[in-house]
Amino acid sequence: MELEIEEKLQLKYKNLIVEVNYKDIRKYEILIKLEYKGVTYESKFEYLYNAKLTLDANISIIENIIDSKIILPFYKKGE
């Protein structure tokens, strides 16, 4: 499952390195690496996969987390 999640996220975020690691039952660690001006920035968070939703719905939630908690704050800081 982690490979499926990783592939779908990598399709959307072409400029990011995305790694998904299985932690526990339905729990995944999402590691995001962003390279900017030769420096690599890392951020990670845990996501509890919701079995009641489809894979695409879970991916959409993960994308919202990445956009709002990682990408927007990075660019708002002026990095």
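Note that the coordinates shown come from a computational prediction; the quantities given were computed from them, not determined experimentally.

Caption draft 1: Fine view of the nonpolar core. In this structure, Ile5, Leu9, Leu16, Ile30, Ile62 and Ile66 are the most contacted members of the largest nonpolar core, which totals 20 residues. Mapped onto this core, the elements with two or more residues apiece are α1 (2–12), β1 (16–24), β2 (27–36), β3 (39–48) and α2 (55–76).

Caption draft 2: Examining the pairing of β3 more closely. Across 10 bridges, the pairing between β2 and β3 is antiparallel. Its bridge partner being in β3, Lys27 is matched across the sheet by Leu48. Hairpin connection from β2 to β3: two residues lie between these consecutive antiparallel strands, with Lys37 at a positive phi of about 55°.

Caption draft 3: Up close: unusual backbone geometry. The phi dihedral of Arg26 is positive, around 65°, even though this residue is not glycine. Of note, Arg26 is situated in the loop between β1 and β2. Not every positive phi belongs to a glycine, and Lys37 is a case in point at roughly 55°. With respect to the helices and strands, the residue Lys37 is situated in the loop between β2 and β3.

The rules we used
Residues numbered from 1 in each chain as written. Predicted model: local features only at pLDDT ≥ 70, side-chain atom pairs only at ≥ 80, totals over all residues. Heavy atoms only, no water. Core = buried A, V, L, I, M, F, W, Y, C linked by side-chain atoms within 4.5 Å. Buried < 20%, exposed > 50% of the residue type's maximum accessible area, 1.4 Å probe, protein only. Helix = DSSP H or I, 4+ residues; strand = E, 2+ residues; numbered from the N terminus. Pairing = 2+ DSSP bridges.

All we've got here are geometric facts, nothing functional implied.
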